[in-house]
Amino acid sequence: MRIFSGIQPTGAKHLGNYIGAIREYVAYQERGDAFICVVDLHSITVGHDPRELRDSTVSVAALLFAAGLDPERSTVFVQSHVPAHAEAAWLLGSVTSFGELRRMTQFKEKAERQEFVAVGLFTYPVLQAADILLYDTDVVPVGEDQRQHIELTRDVAERFNSRYGETFVVPRVEVPEIGAKIMDLQEPTKKMSTTGGTEQGTVLMLDPPDVLRKKLKSAVTDSGREVVRGPGKEGIANLIEVLSVATGDKPDAIEARYADGGYGDFKADVADAVVELLRPIQERYQELRGDPAELERLLVRGAERARAVSAPVLERMVDRMGFVRRPSG
Ligand code: ATP
Ligand code: LTN
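Presented here is a report on the structure given in the accompanying data block. All values derive from a computational prediction rather than experimental measurement.

Criteria and thresholds
- Residues numbered from 1 in each chain as written.
- Chains lettered and ligands numbered in written order.
- Predicted model: local features only at pLDDT ≥ 70, side-chain atom pairs only at ≥ 80, totals over all residues.
- Heavy atoms only, no water.
- Helix = DSSP H or I, 4+ residues; strand = E, 2+ residues; numbered from the N terminus.
- Expected span 1.5 Å × (residues − 1).
- Buried < 20%, exposed > 50% of the residue type's maximum accessible area, 1.4 Å probe, protein only.
- Polar contact = N/O pair within 3.5 Å; in protein donor to acceptor, adjacent residues only side chain to side chain.
- Contact = heavy atoms within 4.5 Å.
- Near = heavy atom within 4 Å.
- Areas by Shrake-Rupley, 256 points an atom, 1.4 Å probe, with all protein chains shown as cover.
- Nonpolar A, V, L, I, M, F, W, Y, C, P; charged D, E, K, R; others polar.
- Salt bridge = Lys/Arg side-chain N within 4 Å of Asp/Glu carboxyl O.

### Remarks on helix α9 (residues 147–164)
Helix length check: α9, at 18 residues, gives a terminal C-alpha distance of 26 Å against a target of 26 Å (1.5 Å per residue), a fit within 8%. Restricting attention to buried positions, one finds in α9 the residues His 149, Ile 150, Leu 152, Thr 153, Val 156, Ala 157, Phe 160 and Asn 161. Immediately downstream of α9, the backbone of Gly 165 shows phi near 100 degrees, a positive value.

Following this line, the structure appears as structure tokens:
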């Protein structure tokens, strides 16, 4: 089984990214062949700072290895190192309609926050479809917010296959059962996000323990004292999911354990669990960042493997679409 997912090198990665996505990539490598791409070409679609892009690309790659992606089993690579992505995106642009892209909620939300709305922000999902389809991907693990983009990818793949003949594997989306949408701790009706959330409500994977504790203990809850999920209890429900993922205990068991013990002890336990969850990742991250030559070596190897797998798929696209065969070399 081939899995593929992408993560942007923008903003610091947060607990939602870890629980909804990164943790899943790591789990999937037990079941199949994982390709995880740091999507730098996507990250330039909203105004970016060139001085930061290089560092954040390497930082996110280091975080992926630190979180448990094993370079022997999985392929972690940088999107711009494999030019086939941009090329395939151009080709798929003719198999995707304006109307389809106009309906994408991520575009609508992000465009609203921009003064300058780049064409690249509009065609972002086409590049995402290219990422996925170039690897004959079976499963795309993502958080809930990406479901619509994967549905579009499926539609584009099916349309291409019916216009030009069987070319692509049609991938399926998988979102985790628990933690597919971690909420902002201060505004628990909005997803946790570095671009659209609150600073205090966004737990960063690299926040030091005292900051983690402070953010989690000051999470907005409700005026009750029952640790249960339910209407009006988004804040508590969110913390139950976080604790469930951090400890491996089922949400029902957590509700039973804290019953009506009040929020204080519960929040303190969530804070401790998150600190322990992130501690080993933070330690490995620091070690990796201390060895830039090794990181570079890992990314060179990742790019080589990604090129080898995607090249024949791009060939297939070019061929089916009727382009004159390319001179070799
Ligand atoms: P942000 O909202 O912070 O800008 P993002 O969603 O735009 O992040 P990425 O960092 O590329 O961009 O996301 C990587 C993965 O994390 C995606 O699969 C996405 O679905 C998932 N993800 C993002 N936010 C959350 C969240 N709050 N809960 C669960 N999963 C999330
Ligand atoms: N759009 C995604 C990032 C992304 C991705 C992908 C996810 C780019 N290419 C391919 C899965 C598969 C996001 O904003 N999180």
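From this point on, the discussion continues.
### A few points about the side chain of Gln 128
Here Gln 128 shows up in helix α8 (residues 124–133). Accessibility expressed as a relative area gives 10% for Gln 128, which makes it buried. In terms of polar contacts, Gln 128 uses its side chain to reach the side chain of His 149, at 3.0 Å. Every residue in contact with Gln 128, bar those within four places of it in the chain, is listed here: His 42, Gln 146, His 149 and Ile 150.

### Topic: the site of ligand 2
Near ligand 2, the surroundings consist of 14 residues, among which Gln 8, Tyr 124, Gln 128, Asp 131 and Gln 146 are the closest. Here Gln 128 contributes a side-chain N or O atom positioned 2.9 Å from a nitrogen atom of ligand 2. Contacts to ligand 2 include Asp 131, whose side-chain N or O atom sits 2.7 Å from a nitrogen atom. Isolated, ligand 2 exposes 370 Å² of accessible area, and the fraction of that covered by the protein chains is 92%. Of all elements in the fold, only β1 (2–7) and α8 reach the threshold of two or more residues within the shell around ligand 2. Looking at side-chain class alone, the shell around ligand 2 contains 6 nonpolar, 7 polar and 1 charged residues.

### Quick notes on the site of ligand 1
Surveying the vicinity of ligand 1 reveals 21 residues, the closest of which are Lys 13, Asp 145, Ile 182, Ser 193 and Thr 195. Here an oxygen atom of ligand 1 and a side-chain polar atom of Lys 13 are 2.4 Å apart. At 3.1 Å from an oxygen atom of ligand 1 is found a side-chain nitrogen or oxygen belonging to Asn 17. About the coverage of ligand 1: the protein hides 95% of its 610 Å² of free accessible area. Ranked by residues supplied to the shell around ligand 1, first place goes to helix α1 (residues 15–28) with 4 residues.

### Observations concerning the environment of Thr 198
Relative to the elements of secondary structure, Thr 198 occurs in the loop between β5 (172–174) and α10 (209–217). In this structure, the C-alpha to C-alpha distance between Thr 198 and Gln 146, residues 52 residues apart in sequence, is 21 Å. Excluding residues that lie within four positions of it along the chain, Thr 198 makes contacts with Asp 184, Gln 186 and Glu 187. At 3.0 Å, the side chain of Thr 198 and the backbone nitrogen of Gly 201 are in polar contact.

### Some points on the pattern of salt bridges
Counted according to the given criterion, the structure contains 24 salt bridges. Taking the shortest distance from any N to any O, the salt bridge between Arg 279 and Glu 276 comes out at 2.6 Å. Of this pair, Arg 279 and Glu 276 are both found in helix α13 (residues 263–289), 3 residues apart, which corresponds to roughly one turn of the helix. Here Arg 325 and Asp 319 are joined by a salt bridge, their closest N and O atoms 3.6 Å apart. A single network of salt bridges, built from pairs that share partners, joins Glu 30, Asp 70 and Arg 73.

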